[in-house]
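Topology and contacts: notes
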Amino acid sequence: MTERHYLEAALPGADQFDVYTGNANPELARMICRYLGIDLGRSEVFEFSNENIFVRIIDNAREKDVFLIQPTSRPVNKSIMELLIMIDAFKRASAGRITAVVPYYGYGRSDKKDQPRVPITARLIADMMTVAGANRLLTVDLHQGQIQGFFNIPVDELTAVHLLSGHFRQKMIENLVVVTDLGFAKRARTFAELLDAPLAIVEKRRIGNQDRAEVLNVIGDVRGKRAIIVDDEIDTGGTLIQIVNALEREGVTEMYACATHAVLSDPAVERIANSALAEVVVTDSIPIPPEKRGSKIKVISLAPLIAEAIVRIHRGQSVGALFTSEVQFTQEMLLWDVDSAADRKMVGGSGRPAARPAEDDIEDEDEATGG
């Protein structure tokens, strides 16, 4: 028996990972598992009549590498409590490592004291997750990057920018300009570079604690162009429609919008349907019920992106390599069909799926083989 086989026999959980979900977005969790070619971990998560949440992990989790899929979306507070209680349950079940996979980080906009005597709730949620027992966080497009610093555990922040830009690249839209606000400008610049388009900035001002903002100015040349409005989330759609109206006044001929997180609080769907927008592209980081999927709303799945990140984290490979020269991979993720995922090949003695090699991994292999 080789040393590796001996270790696998002695430590049966050492090269295994399991994926579980709460009730926030079970469909996304099932799609991730379908992409990976594994079964979703079995658990019970429900609410008693007194609103207390009960969690029971059915499968053996001892020394397993556990990935828990749970966006903190509507109902936000219940989703957060489910996440915390599930993390605690896995900790007490002696899981080897617990990664909280939170595609949408609720309370992300409460990331600073912008008024006297207000909390920084984004930091509070980070502390609660850490105290509950999470060893790592995997998330997608935080409202602000500095939220990573609220955690004392490793944080991997994915971005949907490459997926969203890939969708519009397929449309081959000419005379294009990318429009965003200052808060999302850095990631929007990447979006614009991927489409080889200029970037325009919208200056806006949020009004008190009301869930709306006032658009003050459009900075950049947009007249006579087709615009793609890019942001991290669409909530009530008020700001989005104000930007649309401002761009119309500036002479934009055609408009699209995209965002990672489709919160779509009322009356967002109605506003989008009645707007001049040709299409709004979002991801499934938050579950979108059928009644909110209007004719203008296109949903792209994050399942392949999150699944690839899970495999890389489990194997200690680079997650950042997903966003380097992965243009072809992005196209594969866009074309991925959940119905054909069952044919995905499994490799390795542990039955785990093969991750795409990172650039630095390929270079290391070339050096070792003299290639």
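First, a word on scope: everything that follows refers to the structure included in this document. (Residues numbered from 1 in each chain as written. Predicted model: local features only at pLDDT ≥ 70, side-chain atom pairs only at ≥ 80, totals over all residues. Heavy atoms only, no water.)

1. Observations concerning the packing of aromatic side chains
Within this structure, the stated rule accounts for eight aromatic pairs. With a centroid separation of 5.8 Å and 85 degrees between ring planes, the pair formed by phenylalanine 17 and phenylalanine 67 is classed as edge-to-face. With phenylalanine 17 in strand S1 (residues 17–21) and phenylalanine 67 in strand S4 (residues 65–69), this pair connects stretches of sequence that are 50 residues apart. Of the two residues examined, phenylalanine 17 and phenylalanine 67, each falls in the buried class. Ring geometry for phenylalanine 46 and phenylalanine 54: centres 5.2 Å apart, planes at 45 degrees, overall tilted. Aromatic rings pair up to connect Phe46, Phe48 and Phe54 into one cluster. (Phe/Tyr/Trp six-rings, centres within 6.5 Å; stacked < 30°, edge-to-face > 60°. Helix = DSSP H or I, 4+ residues; strand = E, 2+ residues; numbered from the N terminus. Buried < 20%, exposed > 50% of the residue type's maximum accessible area, 1.4 Å probe, protein only.)

2. Examining the sheet that holds S4
Strand order in the open sheet formed by five strands is S1-S4-S5-S6-S7, with parallel pairing between adjacent strands. At either margin of the open sheet sits one strand with a lone partner, and together these are S1 and strand S7 (155–158). Here the strands of the sheet are splayed against their neighbours by 20 degrees on average, with no regard to which way each runs. Strand direction decides the pairing type here: strand S5 (residues 97–102) and strand S6 (residues 136–140), joined by four bridges, are parallel. Looking at the pairing, threonine 99 lines up with arginine 136 of S6. (Pairing = 2+ DSSP bridges. Axes fitted to C-alpha atoms, helices over the stretch in contact; angles between N-to-C directions.)

3. Here we look at the packing of helix H3 (residues 76–92) against helix H4 (residues 121–132)
Two numbers describe how H3 lies on H4: the axes approach to 8 Å, and their chain directions differ by 25 degrees. Accordingly, the angle class assigned to the pair H3 and H4 is roughly parallel. Of the residues in H4, those touching H3 at Ile80, Leu83, Leu84, Ile87, Asp88 and Lys91 are Ile125, Met128, Met129, Val131 and Ala132. Taken together, the residues that form the contact of H3 with H4 break down as nine nonpolar, no polar and two charged. (Parallel < 35°, antiparallel > 145°, perpendicular 65-115°, else oblique. Contact = heavy atoms within 4.5 Å. Nonpolar A, V, L, I, M, F, W, Y, C, P; charged D, E, K, R; others polar.)

4. Comments concerning the pattern of salt bridges
Scanning the entire structure with this criterion turns up 16 salt bridges. Close ionic contact of glutamate 233 with arginine 109 constitutes a salt bridge, the shortest N to O distance being 3.7 Å. With a gap of 124 residues between them, glutamate 233 in strand S11 (residues 226–234) and arginine 109 in the loop between S5 and H4 connect regions that are remote in the sequence. Here arginine 109 falls in the partly exposed class, since its relative accessible area comes to 37%. A salt bridge links glutamate 279 to lysine 171; the shortest N-O distance between them is 3.4 Å. A residue pair is termed long-range when its members are at least 10 positions apart, and glutamate 279 in strand S13 (residues 277–283) and lysine 171 in helix H5 (residues 161–171) qualify at 108 residues. (Salt bridge = Lys/Arg side-chain N within 4 Å of Asp/Glu carboxyl O.)

5. Examining the nonpolar core
With 48 residues, the main nonpolar core has Phe191 and Ile306 as its most contacted residues. With eight residues, the top contributor of residues to this core is helix H9 (residues 303–315). (Core = buried A, V, L, I, M, F, W, Y, C linked by side-chain atoms within 4.5 Å.)

6. Some points on the environment of glutamate 250
Topologically, glutamate 250 is positioned in the loop between helix H7 (238–249) and strand S12 (254–262). Relative accessible area serves as the criterion here: at 31%, glutamate 250 is assigned to the partly exposed category. Taking C-alpha positions, glutamate 250 is 8.9 Å from aspartate 221, a pair spaced 29 residues apart along the chain. Residues contacting glutamate 250, with those up to four places away along its chain left out, are Val218, Val222 and Arg223.

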